[in-house]
Amino acid sequence: MLLPLLRIPELQNAISAENFVLLPEVLIGAAPEAILANPANAMPAKASPLLNPWLVIYTGGFLFSLGFFFNKLRLIRQLFSFKPLINTSEIKIVEVPDSTIACTFYKTVFLGASLPKKEREQILSHEKVHVRQKHTFDLLFFELLRIVFWFNPLVYIYQSRISALHEFMADAGVVKNVKKQEYFQQLLNSAFNTRDISFINQFFNHSIIKKRIVMLQKTKSNSVSKFKFLIILPLMAAMLTYVACSDDAINSPAEQEATAREKLKEIKAIVNDSTKITPEDHEKITSILNSISSQDLQNSENSTEKIQIQKLKNATSGTGDVPFAVIEEVPAYPGCEQFSTNEERKECMSNKITEFINKNFNTSLGKELGLTGLNRIYVQFRIAKDGNVEVLGARAPHPALEEEARRVVNLLPKMTPGKQRGEEVGVLYSLPISFMVPEATPEAENVSDN
């Protein structure tokens, strides 16, 4: 549960992430004029269902598990209604009339009045181990997991295994003072009578009696054999590396802007108006700049930030190239070379690509595939050093939309490549496309039938 939440900056910086420049969203299809004028207002044409079916299923399972849990609490409360034989700060022993029950909940041991005296002594020694080691907290923890993650079979398996482990530990504590043969005989001769409450430690659990006897016959593992568990360490390291370095390549503009601001603050703290940047500083700043979108940098209204970035680009003591996030000359769409500034070229490119996508995208796919509403497509491509467009990947609600997006982007004309320090470089782009498919109306269906 915790692994997906862990992020290790050192691991993230060790692997340089590809820096995609997010282009403005392209709207295609029969979109209302209000949406075309303001893409932020775009909403699916087909109304979303009031209730998410998956959420309904999860909530139903959650409520059922919660009700099952409260029923178990009710059974526990009935056991507490009987008069205790012993009640101290360390342990409480309650005798249950006309029963052979033997179980523990926290500091309370429930013993049936019908249990033979000799068996009661051994059982009480067993249950005291549960009380002393507070095994109830383990079982309650898994009981809560069963409520929240009721759909996950591993939770039930873990709870069963931890319950068996508790019994093994308690048995090991008992046989220190009792002969194993006598304890075996007592386990086999005891009448099985228990309650189905998963978060109490039950002595008479016939499903694991055989395992308990087998476990008592085992010898403790030597220290050398325990070293095999060290294989967990490299496995955990690999998992941590994966979750620390995995991140979505496509983020929203708001997220990119917030991230860029934080990164620029880190850069300013390193540069701090100094006139000389050491190789170590340059390496650290290069790692930070790798994750900043050039769009966010160009849209920065803070002149101090731009001056500091320019100072970094002009530094001669660093090693390696400056990342494309601060590229000196952006690629240009055919016909946009006449503009001198990066901002003008980028705006021209965005308009040209929008026009090209709208002209060449097969909008009839929506009807052919039976789609309705707003369908979002994301395409990642590279404008290579030679100016050719190379599609790197696509993501869409339907495979056919992915293929169509790839086809159209591959048709883009050859560009004027970007330049860094006078040399042509490749630049990565991410293009979001919103494909609006209107919902079919009865009138339209009648026309098509006729």
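Figured I'd write up the structure that's included with this text.

**With respect to the overall build of the protein**
- Across its full length, the protein holds 17 helices and 12 strands.
- When the 450 residues of the protein are sorted by exposure, 39% land in the buried category.
- Contacts in the protein between residues far apart in sequence, at least 24 positions, make up 69% of those at least 6 positions apart.
- For the protein, the computed accessible surface area is about 26,700 Å², with 57% contributed by carbon and sulfur atoms.

**Observations regarding the pattern of salt bridges**
- Tallied over the entire structure, the rule returns 6 salt bridges.
- The salt bridge partner of Arg 120 is Glu 95, with a shortest N-O separation of 3.6 Å. In this pair, Arg 120 sits in helix 4 (residues 117-132) while Glu 95 sits in strand 4 (residues 92-96), placing the two residues 25 residues apart along the sequence.
- You can call Glu 95 partly exposed: its relative accessible area is 28%.

**Considerations on the packing of helix 3 (residues 53-80) against helix 5 (residues 135-148)**
- As a packed pair, helix 3 and helix 5 sit with axes 7 Å apart at the nearest point and diverge in direction by 150 degrees. Facing Tyr 58, Phe 62, Ser 65, Leu 66, Phe 68, Phe 69 and Lys 72 of helix 3, the residues of helix 5 in contact are Leu 140, Glu 143, Arg 146, Ile 147 and Val 148.
- The residue inventory of the contact of helix 3 with helix 5, partitioned by class, reads 8 nonpolar, 1 polar and 3 charged.

**Quick look at the side chain of Thr 108**
- One can find Thr 108 in strand 6 (residues 108-112).
- Apart from residues no more than four positions distant in its own chain, Thr 108 is found in contact with Phe 80, Lys 92, Val 94 and Cys 103.

**Considerations on the pairing of strand 9 (residues 389-395)**
- Bridge analysis of strand 8 (residues 373-383) against strand 9 gives 6 bridges, and the strand direction is antiparallel. Looking at strand 9, one finds that Phe 381 is bridged to Val 391.
- Counting the residues that bridge the hairpin from strand 8 to strand 9 gives 5 residues, and of these Gly 387 lies at a positive phi of roughly 90 degrees.

**Observations regarding the state of the cysteines**
- Tallying each qualifying case throughout the model produces 1 disulfide.
- Each sulfur of the disulfide joining Cys 336 and Cys 348 lies 1.9 Å from the other. Its torsion about the S-S bond being -75 degrees, the disulfide of Cys 336 and Cys 348 is classed as left-handed. Of the two residues, Cys 336 sits in the loop between helix 13 (303-313) and helix 14 (342-360) while Cys 348 sits in helix 14, which places them 12 residues apart along the sequence.

**Digging into helix 6 (residues 153-174)**
- The first and last C-alpha atoms of helix 6 sit 32 Å apart over 22 residues, in line with the 32 Å expected at 1.5 Å per residue.
- Buried within helix 6 we find Val 155, Gln 159, Ile 162, Ser 163, Ala 164, His 166, Glu 167, Phe 168, Ala 170, Asp 171 and Val 174.
- Here helix 6 starts with a cap whose side-chain oxygen sits 3.0 Å from the backbone nitrogen of Leu 154, and that cap is Asn 152.

**Some details on the nonpolar core**
- Counting 37 residues, the largest nonpolar core has Ile 353, Ile 357, Ile 377, Phe 381, Val 409 and Leu 431 as the members making the most contacts within it.
- Of all the secondary structure elements, the ones that give two or more residues to this core are strand 2 (26-29), helix 14, strand 8, strand 9, helix 16 (399-410) and strand 12 (427-437).
- The residues touching Phe 381, leaving out its near neighbours within four places in the chain, are Leu 23, Ile 353, Val 389, Glu 390, Val 391, Leu 392, Val 409, Val 427, Leu 428, Tyr 429 and Leu 431.

**Side note on the packing of helix 14 against helix 16**
- Helix 16 packs onto helix 14 with a crossing angle of 125 degrees between their chain directions and a minimal axis gap of 10 Å. Between helix 14 and helix 16, the crossing angle belongs to the class labelled oblique. Note on packing geometry: the crossing formed by helix 14 with helix 16 is right-handed. Across from Phe 356, Ile 357 and Asn 360 in helix 14, the residues of helix 16 making contact are Glu 404, Arg 407, Val 408 and Val 409.
- In terms of residue class, the contact of helix 14 with helix 16 is built from 4 nonpolar, 1 polar and 2 charged.

About the thresholds
- Residues numbered from 1 in each chain as written.
- Predicted model: local features only at pLDDT ≥ 70, side-chain atom pairs only at ≥ 80, totals over all residues.
- Heavy atoms only, no water.
- Helix = DSSP H or I, 4+ residues; strand = E, 2+ residues; numbered from the N terminus.
- Buried < 20%, exposed > 50% of the residue type's maximum accessible area, 1.4 Å probe, protein only.
- Contact = heavy atoms within 4.5 Å.
- Areas by Shrake-Rupley, 256 points an atom, 1.4 Å probe, with all protein chains shown as cover.
- Salt bridge = Lys/Arg side-chain N within 4 Å of Asp/Glu carboxyl O.
- Axes fitted to C-alpha atoms, helices over the stretch in contact; angles between N-to-C directions.
- Nonpolar A, V, L, I, M, F, W, Y, C, P; charged D, E, K, R; others polar.
- Pairing = 2+ DSSP bridges.
- Disulfide = S-S within 2.5 Å.
- Expected span 1.5 Å × (residues − 1).
- Polar contact = N/O pair within 3.5 Å; in protein donor to acceptor, adjacent residues only side chain to side chain.
- Core = buried A, V, L, I, M, F, W, Y, C linked by side-chain atoms within 4.5 Å.
- Parallel < 35°, antiparallel > 145°, perpendicular 65-115°, else oblique.
- Left-handed = near helix turned anticlockwise from the far one by under 90°.

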